[in-house]
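Overview (structure and organization)
Next come the chains, spelled out residue by residue.
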Amino acid sequence: QRKVIPPQPRTITFKAPDGTLIAGKLISVELFCSNHDAAAPGTMTTTDGSITITPSPNCGSLTAKATVSGYKTGTYPLPKEGAVVSLMAEDSGDVPIIIRVQNESGTGLEGMRVTLFSYEGIQLDNKYTEWGEAKFAAPPGNYYVIATDDLKDYGTAQLNFGVTSGTVHQTVVLSKEIK
């Protein structure tokens with residue numbers, strides 16, 4: 001007999017780019033299950049900066065679409081435990097970010113997947129390199145990228161960096177030796 005563990009409540013906290021709790025503003029959160037046959041928790045609202053939900057047992061992965069005045073609407077994958085969602089201000093003055101992905105001899109690599117994450121580990125964007133580069137834009141803050149070769153000819157690499165102003169140029173070197 002297989003024992004089914006019921007889903008546990010999850011608290012999702014919403015924070016501004018500076019890390020402060022977004023309280024006193026109406027936050028509308030639409031929740032989605034990866035299993036489309038499962039009953040999703042639906043739409044919830046809060047003004048205290050957090051919500052607590054208990055997804056259905058067969059929900060699968062849970063995703064939240066958060067909408068709040070003054071911030072960009074975004075969709076965020078939620079871990080099985082609680083999550084902190086960092087919202088970006090609408091008028092954030094995004095900074096261009098150019099990530100060069102190259103091999104050990106300095107040749108730019110085509111078709112490499114580059115995923116941009118916030119410092120907190122929230123996936124923000126996903127691009128494939130063209131002419132060895134993936135281009136993003138993000139407000140000032142701390143980020144990291146993971147560069148991956150979906151064909152598995154090269155290994156995977158992570159790079160942490162900060163964004164202040166101007167155009168940010170970073171280089172990730174993928175090796176055939178480390179996979």
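Keep in mind that what you see is a predicted model, and the values were worked out from it rather than measured.

**Some thoughts on unusual backbone geometry**
- Phi angles above zero are rare outside glycine, and Trp131 is one such case at about 55 degrees.
- For Trp131, the position within the fold is in the loop between β10 (123-128) and β11 (133-138).

**Remarks on the nonpolar core**
- Ranked by size, the top nonpolar core spans 23 residues in total, and within it Ile12, Phe14, Leu31, Leu78 and Leu87 carry the most contacts.
- At the level of elements, β1 (10-15), β2 (27-33), β4 (50-53), β5 (62-68), β6 (74-78) and β7 (83-86) are the ones that each hand at least two residues to this core.
- Setting aside chain neighbours within four positions, we find Phe14 in contact with Thr20, Leu21, Ile22, Ile27, Val29, Gly49, Ser50, Ile51, Ala66, Val85 and Leu87.
- With 22 residues, the next largest nonpolar core counts Val101, Ala134, Ala138 and Val168 among its residues.

**As for the pattern of salt bridges**
- In the structure shown here, the tally under the stated rule is three salt bridges.
- One salt bridge in this structure joins Asp150 and Arg113, with 2.6 Å as the shortest N-O distance. You can see Asp150 sitting in the loop between β12 (141-148) and β13 (157-163) and its partner Arg113 sitting in strand β9 (residues 113-118), a full 37 residues away along the chain.
- With relative accessibility at 24%, the residue Arg113 sits in the partly exposed group.

**Some details on the packing of aromatic side chains**
- In the structure shown here, the tally under the stated rule is two aromatic pairs.
- Centroid distance Phe117 to Tyr144: 4.8 Å. Interplanar angle 10 degrees. Geometry classified as stacked. With Phe117 in strand β9 and Tyr144 in strand β12, this residue pair connects regions lying 27 residues apart in the sequence.
- Given a relative accessible area of 16%, Tyr144 falls into the buried group.

**Some remarks on the layout of surface pockets**
- Here the largest pocket defines a volume of roughly 250 Å³.
- In terms of lining residues, the largest pocket is bounded by 18 residues, among which Pro17, Ser86, Ser118, Glu120 and Tyr143 are the most central.
- For the lining of the largest pocket, the secondary-structure elements that each account for two or more residues are β7 and β12.
- Tallied by class, the residues present in the lining of the largest pocket amount to ten nonpolar, five polar and three charged.

**Description of the side chain of Thr46**
- Mapped onto the secondary structure, Thr46 falls in strand β3 (residues 42-46).
- There is a polar contact of 3.0 Å between the side chain of Thr46 and the backbone oxygen of Ser50.
- Apart from the residues lying within four places of it in its own chain, the contact partners of Thr46 are Lys25, Leu26, Ile27 and Ile51.

Rules used in this analysis
Throughout, a residue's number is its position along its own chain's written sequence, starting from 1. Note on the predicted model: pLDDT of at least 70 is required for a residue's local features to be given, and 80 or more for side-chain atom pairs to be given and counted; whole-chain, interface and lining totals, by contrast, use all residues. Water and hydrogen atoms play no part in the side-chain values, which are based on all heavy atoms of the structure. Helix and strand definitions follow DSSP, with helices as H or I runs of at least four residues and strands as E runs of at least two, each counted in order from the N terminus. To define a nonpolar core, start from buried Ala, Val, Leu, Ile, Met, Phe, Trp, Tyr and Cys residues and group those joined through side-chain atoms within 4.5 Å. Remark: exposure states derive from per-residue accessible area (1.4 Å probe, protein chains only) relative to the maximum for the residue type, with buried under 20%, exposed over 50%, and partly exposed in between. By the convention used here, residues are in contact when the closest approach between their heavy atoms is within 4.5 Å. Any Lys or Arg side-chain nitrogen located within 4 Å of an Asp or Glu carboxyl oxygen qualifies as a salt bridge. Any two rings among Phe, Tyr and Trp, with Trp reduced to its six-membered ring, count as a pair given centres within 6.5 Å; such a pair is stacked if its planes are under 30 degrees apart, edge-to-face if over 60, and tilted if neither. Think of a 1 Å grid over the protein atoms and nothing else: a 1.4 Å probe that fits but is trapped marks a cavity, an open set flanked by protein within 12 Å on at least five of seven lines marks a pocket, and residues with an atom within 4 Å of a point count as lining. Grid points are joined across faces, edges and corners, and a volume is the space filled by probe spheres set on the points. Amino acids outside the nonpolar list (Ala, Val, Leu, Ile, Met, Phe, Trp, Tyr, Cys, Pro) and the charged list (Asp, Glu, Lys, Arg) are all regarded as polar, and Gly is one of them. Polar contact is the term for a pair of N or O atoms within 3.5 Å; when the atoms are in protein, one must be able to donate a hydrogen and the other to accept it, and sequence-neighboring residues count only if both atoms are side-chain atoms.

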